Number of protein chains: 2
Amino acid sequence: MRRMTARPGNAHQARLLKLLRDGGPNSRAQLGDQVDLSRSKLAVEVDRLLETGLVVADGLAASRGGRRSHNIRLNPELRFLGVDIGATSVDVAVTNAELETLGHLNQPMDVREGPVAVFEQVLAMAAKLRASGLAEGFDGAGIGVPGPVRFPEGIPVAPPIMPGWDGFPVREALSQELGCPVMVDNDVNLMAMGEQHAGVARTVADFLCVKIGTGIGCGIVVGGEVYRGTTGSAGDIGHIQAVPDGRPCACGNRGCLEAHFSGAALARDATEAAQQGLSAELASRLETDGGLTAVDVAAAAAAGDATALDLIREGGNRTGQVIAGLVSFFNPGLVVIGGGVTGLGHTLLAAIRTQVYRQSLPLATGNLPIVLGELGPAAGVIGAARLISDHLFSPA
Amino acid sequence: MRRMTARPGNAHQARLLKLLRDGGPNSRAQLGDQVDLSRSKLAVEVDRLLETGLVVADGLAASRGGRRSHNIRLNPELRFLGVDIGATSVDVAVTNAELETLGHLNQPMDVREGPVAVFEQVLAMAAKLRASGLAEGFDGAGIGVPGPVRFPEGIPVAPPIMPGWDGFPVREALSQELGCPVMVDNDVNLMAMGEQHAGVARTVADFLCVKIGTGIGCGIVVGGEVYRGTTGSAGDIGHIQAVPDGRPCACGNRGCLEAHFSGAALARDATEAAQQGLSAELASRLETDGGLTAVDVAAAAAAGDATALDLIREGGNRTGQVIAGLVSFFNPGLVVIGGGVTGLGHTLLAAIRTQVYRQSLPLATGNLPIVLGELGPAAGVIGAARLISDHLFSPA
DNA sequence: CTTCTTTGTCCACTGAGTGGAAAAAGTAGG
DNA sequence: CCTACTTTTTCCACTCAGTGGACAAAGAAG
């Protein structure tokens, strides 16, 4: 099948496409209720969209007491590819134009192997999804990478945990390989967009999305739009000082949040504790698994292990202190906690909440929910699909 | 004179008004170069603005080799009132529509005396400026208050240092008294707007403006617009924890930035040092002045007093540490330092810079200027005038 | 079968905005 | 003084987005 190449011709059409994406199929009349255009004008724009093939009219809806309406919907054959590259694994998913996930793959991977090797794997996963009949091709792809990105060009800049990617033209390269438009962003920003589109942040204009995985980052949404900062490094909170003269960090400083709490730090601390004989539970897991990860700590905590619980609580306290500062500064309407460490669940959340509610001013915390992300590992790929769909559903 | 009540009738007119405000008088042709409208359409909109009286055509400009152009300018009789209420003093200024300061008064005052007493003083100052022939009346007024504001209504909410103001309808009350439209905002936001309009931040879209006065606050500008947060308390960084288990703060916590460095904290620390005999310089000033303020510390530092310099440096370090965190998080294109403590000058700035450049990641600090505000005490009142002019120069 | 409701289409009209021509008012040079 | 060239402003016919009302289509309810 020939892929769609059309783009909305004006702001009205863009608006309609987004309404159909976020609200599902609608009749012309229902669309008219939402856009403040005369029925005549609306009909014209819908007709133009039908001509481009971006939307289709299929069948008649049930009557509600009058003439039956036509169902207008986004072309059901459109396919977006969402890719979320983490530090140690990749997620690849296929969605339709309404951003519903049709298929999702997850594989372990090491970003440090560099862009060429990683993209080989990503393309293979995409091919697998295509082969399973979910897509004949892709109309667009969104890619998340674990580091700062020069957004307009889609190029990672000075990413600490993936040095080989510095300056690699991700957008251009993948656009060539996939034969479709590509947008690239920081993985944390995509998680924020995912939770905004289909998760806990659906109704909030200004919020923070803290992702605790191998590292720690924070997506910032201002007025419904992701804020990326002057050089694309906004939200890089992993190297904020959490402990004066604390642990040495890979960045050269001491006491960085990431050095004290993150997937990597937690694994290291748990291993240390096990080796020092502080926890039989952790020690036995160390023996079975060979090495400890955040998952082991979560399991130990769930089993009631005091050492594991302490580690989580202390990490949560550190993180909560930093978030408390950000809450005072940014005064968000919501704080979402997500990432691989979400498995630590309520223990972590409680520690974070305690710190924030205690340290920030009442005006900022009075009506501030602090919650876990709703979408888990799907947030990134949904956000990626949303990124490219926002791009393609804007006037060319 | 009857005050102007007209507002621009559409976005084009609003655009033109702002061009005239920020760029001064222009011919129709010059305006046409900036707005991407046909000459015909432009002429129509300019004529409409002339009809409203918001702009006037006075005289012909010198020829540049062809027909002489008419000078189109904002009505020179328009007057805005800018009011900047601090913790211990008020600034009141009159500007024309181009936001040039025509007169400026500054008087000591105590916010804690409550809105009624303060506004009596403000109105007297405004009357004085009017009596001196600078204005026959005001077409609009902007007011800055030292605490969070529910912006749409212009009402302070839960302001820590001015408890008597909580819920007082500043906007409505002053609008009645002055007989003109009024907008109210946090003083820090106005300082940011001032520096953006006429100071160091003219060309930057995303920046932070840290104001160190009696307390500490931070104006946040995102994409050229002030960001106020969900409840209007964004930028309230005075109570971010700077020192774990540090000094007790009025807010009930310990170690808040404001408890360790601010105009008030500096005065207190200097007095303590003088009483303990650590500095002859400060002790002698204590005797002469009766009580020490930040100004005394600045003077002592300028005279080379080691204790004063130490106090400034330590405060700068604390502040710098907090700002370093904000820089990592927000990735601004500029950081402006202002407020009453600006007199501490380069010593303070150097300490702040050292901390930020050392602690934040290179990508965020690589091209990040950290500078003192250019406008000093005028920033607030200019920002206030800008606030109301932005409001009045937007379509009704 | 009639009446009412809802959906969708058609069409004349308005008003924003364009672009080109011409008028107005200069400068520069012979 | 006259001519050629510029720049600014005005005028006007034309395009096109968008409106709102009339009307057709298609069904529900009685």
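Residues numbered from 1 in each chain as written. Chains lettered and ligands numbered in written order. Predicted model: local features only at pLDDT ≥ 70, side-chain atom pairs only at ≥ 80, totals over all residues.

**Looking at the overall build of chain A**
Test applied: Helix and strand labels come from DSSP, where a helix needs a run of H or I of at least four residues and a strand needs a run of E of at least two; each type is numbered from the N terminus. In this setup the radius of gyration rests on C-alpha atoms only. A globule is expected at 2.2 Å times the number of residues raised to 0.38. Whether a residue is buried, exposed or partly exposed follows from its count of other C-beta atoms within 10 Å of its own C-beta, namely 20 or more, 12 or fewer, or something in between, respectively; the C-beta atoms are built from the backbone. Contact between two residues is assigned when their C-beta atoms, built from the backbone, lie within 7 Å.
Within chain A one finds 14 helices and 14 strands. Taken over the C-alpha trace, chain A has a radius of gyration of 23 Å; the compact-globule value for 396 residues is 21 Å, and the two agree within 12%. For chain A, the spread of C-alpha atoms along the three principal axes comes to 75 × 50 × 40 Å. In chain A, buried positions account for 54% of the 396 residues. Across chain A, the fraction of contacts at a sequence separation of at least 24, relative to all contacts at a separation of at least 6, is 63%.

**So, the relation of the copies chain A and chain B**
The condition is simple: Copy-to-copy alignment: least squares on C-alpha atoms, limited to residues at pLDDT 70 or above in both.
Each copy superposes on the other: chain A lies on chain B with an RMSD of 0.0 Å after a rotation of 180 degrees and an axial shift of 0.0 Å. What the rotation and shift describe, once combined, is the action of a two-fold rotation axis. Nearest to the rotation axis, the C-alpha of L326 of chain A is located 3.9 Å from it, this being the minimum over chain A. When the interface residues of chain A are mapped onto chain B, 100% of them again lie at the interface, so the same face is used by both copies.

**A look at the protein's contact with DNA strand C**
Note the cut-off: By definition, a residue lies near a molecule or strand when the C-beta atom built from its backbone is within 6 Å of it. Under the scheme applied, nonpolar residues are Ala, Val, Leu, Ile, Met, Phe, Trp, Tyr, Cys and Pro; charged residues are Asp, Glu, Lys and Arg; polar residues are all the others, including Gly.
Not every one of the 23 residues close to DNA strand C is listed here, only the nearest: R28, G66, R67 and S69 of chain A together with S40 of chain B. Of all the elements in the fold, those that place two or more residues in the surface near DNA strand C are helix 2 (28-35) and helix 3 (39-52) of chain A together with helix 3 (39-52) of chain B. Of the residues belonging to the surface near DNA strand C, the class tally is three nonpolar, 12 polar and eight charged.

**Comments concerning the pairing of strand 6 (residues 140-145) of chain A**
Residues and elements named next belong to chain A. Where we set the bar: A pair of strands is treated as paired once DSSP finds two or more bridges between them.
Of all six residues in strand 6, six are buried; the element is thus mostly enclosed. Bridging between strand 3 (residues 80-85) and strand 6 involves five bridges; their strand directions are parallel. Bridge assignment links V83 to a residue of strand 6, and that residue is I143. Pairing between strand 6 and strand 9 (residues 182-186): five bridges, direction parallel. Bridging from a neighbouring strand, G144 pairs with D185 of strand 9.

**With respect to the nonpolar core**
The test is simple: The term nonpolar core refers to a group of buried residues, namely Ala, Val, Leu, Ile, Met, Phe, Trp, Tyr and Cys, whose C-beta atoms join them within 7 Å.
Ranked by size, the top nonpolar core spans 245 residues in total, and within it A141, V297 and V335 of chain A together with A141, V297 and V335 of chain B carry the most contacts. Setting aside anything within four residues of it in sequence, one finds V335 of chain B in contact with F207, L208, V210, I323, V327, L368 and I370 of chain B.

**Topic: helix 10 (residues 294-302) of chain A**
All names here are of chain A. For helix 10, the full list of buried residues reads A294, D296, V297, A298, A300 and A301. For helix 10, the elements touching its buried residues are helix 8 (263-275), helix 9 (280-289), helix 11 (306-330) and helix 12 (345-359). A positive backbone phi angle near 95 degrees is found at G304, which sits one or two residues after helix 10.

**Quick look at the domain arrangement of chain A**
For the record, the criterion: Reported domain spans reflect what an automatic or database domain assignment gives.
Once the domains are mapped, chain A shows domain 1 (11-74), domain 2 (80-196 + 378-392) and domain 3 (202-372). The straight-line distance from the C-alpha centre of domain 1 of chain A to that of domain 2 of chain A is 31 Å.

**What about the protein's contact with DNA strand D?**
Residues in close proximity to DNA strand D total 22 residues, the closest being S40 and R67 of chain A together with R28, G66 and R67 of chain B. At the level of secondary structure, the elements contributing two or more residues to the surface near DNA strand D comprise helix 3 of chain A together with helix 2 (28-35) and helix 3 of chain B. Examining the composition of the surface near DNA strand D, we find that three residues originate from one element, helix 3 of chain B, more than from any other. Split into classes, the residues belonging to the surface near DNA strand D amount to three nonpolar, 12 polar and seven charged.

**Focus: the packing of helix 6 (residues 187-198) of chain B against helix 14 (residues 378-392) of chain B**
A pair of packed helices is captured by two measures, namely the crossing angle of their axes and the spacing between those axes. Residues and elements named next belong to chain B. Stated precisely, the cut-off is as follows: Note on definitions: angles span 0 to 180 degrees between N-to-C directions of axes, and those axes are lines fitted to C-alpha atoms, for helices only across the stretch in contact. With respect to orientation, any angle under 35 degrees is reported as roughly parallel, any angle over 145 as roughly antiparallel, any angle of 65 to 115 as roughly perpendicular, and every other angle as oblique.
It is at 6 Å that the axes of helix 6 and helix 14 come closest, and there the two elements cross at 85 degrees. Here helix 14 runs roughly perpendicular to helix 6, going by the angle between their axes. Residues D187, L190, M191, A192, M193, G194, E195, H197 and A198 of helix 6 lie in contact with helix 14, whose contacting residues are A378, A379, G380, I382, G383, A384, R386 and L387. Grouping the amino acids of the contact of helix 6 with helix 14 by side-chain chemistry returns 10 nonpolar, four polar and three charged.

**Quick word on the sheet that holds strand 6 of chain A**
Residues and elements named next belong to chain A. Taken in spatial order, the five strands of this open sheet run 5-4-3-6-9, and their pairing is mixed. The open sheet has two free edges, formed respectively by strand 5 (101-108) and strand 9, since each of these has just one partner strand. For this sheet the average axis-to-axis angle between neighbouring strands, irrespective of direction, equals 15 degrees. Summarising the sheet, strand 4 (residues 89-95) and strand 5 pair through seven bridges and their orientation is antiparallel. Across the sheet, the residue bridging to V92 is L105, located in strand 5.

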